[in-house]
Amino acid sequence: MTVEGFDGRLDKYLSEALSKTRSFVQKIIEEGNVWVNQTQVLKPAYKVKSGDIIKVVIPEPKQLSLVAQDIDIEVVYEDEHLAVINKPRGMVVHPGAGNFENTLVNALLHKFRGRLSSINGVIRPGIVHRLDKDTSGLLIVAKTDEAHIKLSEALKSHQIKRIYYAICEGVLKEDSGVINAPIGRHPVNRLKMAVVPNGKEAVTYFEVLERFDKYTFIKLRLKTGRTHQIRVHMSYIGYPLLGDSSYGRAKNEFGVQGQVLHAGEIEFVHPITSKVLHFSADLPEYFVEILNMLRNRNNK
């Protein structure tokens with residue numbers, strides 16, 4: 001193909017020209033499947049301009065070898081284009097690092113009989129965005145490539161509204177606030193994220209719902225969606241999430257393992273019908289039990 005009327009990043013141009021997500025395009029570039037003016041290009045940020053001739057070889061999709069498992073999952077909404085799932089705490093979203101069973105993807109393959117978008121490849125069919133293993137709540141699953149592309153674009157342009165609920169350690173003084181601090185890989189522990197000067201923009205809004213003797217029940221809204229964003233930001237301001245051993249204390253008085261965090265609300269424009277959709281999911285039982293214990297303690 002010949003570039004016309006464009007001057008900018010290669011991945012951006014190909015994403016628009018091929019109607020593929022930026023992450024998909026970046027992957028095929030980095031795997032050596034793109035040439036510009038007969039020269040192989042391996043960097044997604046490579047600058048192209050009008051008149052450049054681009055050759056792209058899109059690899060044949062691999063046969064999906066993941067096992068479809070009959071795992072009970074709560075489908076909050078479903079149509080022929082997408083579904084909204086209430087993910088339980090403790091479930092990994094997609095396979096990886098040797099874990100190829102009992103994930104949400106395994107459950108989706110069985111539930112929807114393989115009717116999932118192929119945009120994110122073999123390991124993450126239909127997955128538009130993720131939740132950490134121990135974060136419960138709502139996430140969107142795409143059934144068609146068209147829906148997936150449009151939902152991904154909406155996510156990147158901050159048009160999908162996501163509300164979370166959490167219990168943090170410590171008593172927040174402000175009734176509400178905003179945490180605007182860039183997030184990137186931790187400089188020492190590459191398995192963790194951290195607030196770093198050269199990180200990507202990350203903005204989290206918080207609101208206090210209830211205060212207890214040593215904890216605060218909070219509501220959070222994401223503008224951006226960086227990996228571990230809420231967990232990193234709350235730890236950064238000195239109020240790590242209860243149970244979060246990675247960014248907070250290793251042990252807690254409730255014996256809960258994993259952050260007390262729930263994706264309780266999501267709102268977005270349907271990628272095909274343009275109808276505004278809003279969904280909510282009740283706090284999980286363990287979360288409510290901790291709140292009740294804290295309330296009882298406050299009333300004594």
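Owing to the predicted nature of the structure, the values given are computational and were not obtained by experimental measurement. (Residues numbered from 1 in each chain as written. Predicted model: local features only at pLDDT ≥ 70, side-chain atom pairs only at ≥ 80, totals over all residues. Heavy atoms only, no water.)

(A) Layout of a negative patch on the surface. Residues D70, D72, E74 and D282 make up a contiguous surface patch of negative charge. Turning to its location among the elements, D282 is positioned in the loop between strand 16 (276–280) and helix 6 (285–299). Overall, the relative accessible area of 70% leaves D282 in the exposed class. (Patch = residues over 30% accessible without salt bridge, like charges linked within 9 Å, V, L, I, M, F, W, Y side chains within 5 Å. Areas by Shrake-Rupley, 256 points an atom, 1.4 Å probe, with all protein chains shown as cover. Salt bridge = Lys/Arg side-chain N within 4 Å of Asp/Glu carboxyl O. Lys, Arg positive; Asp, Glu negative; His and termini not counted. Charge placed at Lys NZ, Arg CZ, Asp CG, Glu CD. Helix = DSSP H or I, 4+ residues; strand = E, 2+ residues; numbered from the N terminus. Buried < 20%, exposed > 50% of the residue type's maximum accessible area, 1.4 Å probe, protein only.)

(B) How the structure looks around the domain arrangement of the chain. In terms of domains, the chain is made up of domain 1 (2–56), domain 2 (67–157) and domain 3 (161–299). Centre-to-centre, using C-alpha coordinates, domain 1 lies 28 Å away from domain 2. In this complex, domain 1 contributes six residues to the contact, which on the side of domain 2 involves five residues. When the two sides are added together, the surface that domain 1 and domain 2 hide from each other amounts to roughly 430 Å², 57% of it contributed by carbon and sulfur. Inspection of the region where domain 1 meets domain 2 yields zero salt bridges. Where domain 1 touches domain 2, the interface holds zero residue pairs in polar contact (both at pLDDT 80 or more). (Domains from an automatic or database assignment. Contact = heavy atoms within 4.5 Å. Buried area = accessible area lost by both parts, 1.4 Å probe. Polar contact = N/O pair within 3.5 Å; in protein donor to acceptor, adjacent residues only side chain to side chain.)

(C) Inspection of the packing of aromatic side chains at higher detail. Under the defined criterion, the tally for this structure stands at seven aromatic pairs. Ring centres 5.2 Å apart and planes at 50° place the aromatic pair F6 and Y13 in the tilted group. When its relative accessible area of 14% is taken as the criterion, F6 is described as buried. Looking at K20, its charged tip hangs above the ring of F24, at a distance of 5.1 Å from the centre. Across the ring face of Y286, the terminal group of R89 is positioned such that the distance to the ring centre comes to 4.3 Å. (Phe/Tyr/Trp six-rings, centres within 6.5 Å; stacked < 30°, edge-to-face > 60°. Lys NZ or Arg CZ within 6 Å of the ring centre and 35° of its normal.)

(D) Fine view of the pattern of salt bridges. Enumeration according to the criterion identifies 15 salt bridges in this entry. Its salt-bridge partner being D11, residue R9 comes within 2.8 Å of it at the nearest N-O pair. For D11, a relative accessible area of 0% translates into the label buried. D52 is the partner of K49 in a salt bridge, and the nearest nitrogen-oxygen pair spans 3.8 Å. Judged by relative accessible area, D52 falls into the buried class, the value being 5%. A cluster of three or more residues bridged by salt bridges with shared partners is formed by D213, K214, E253 and R297.

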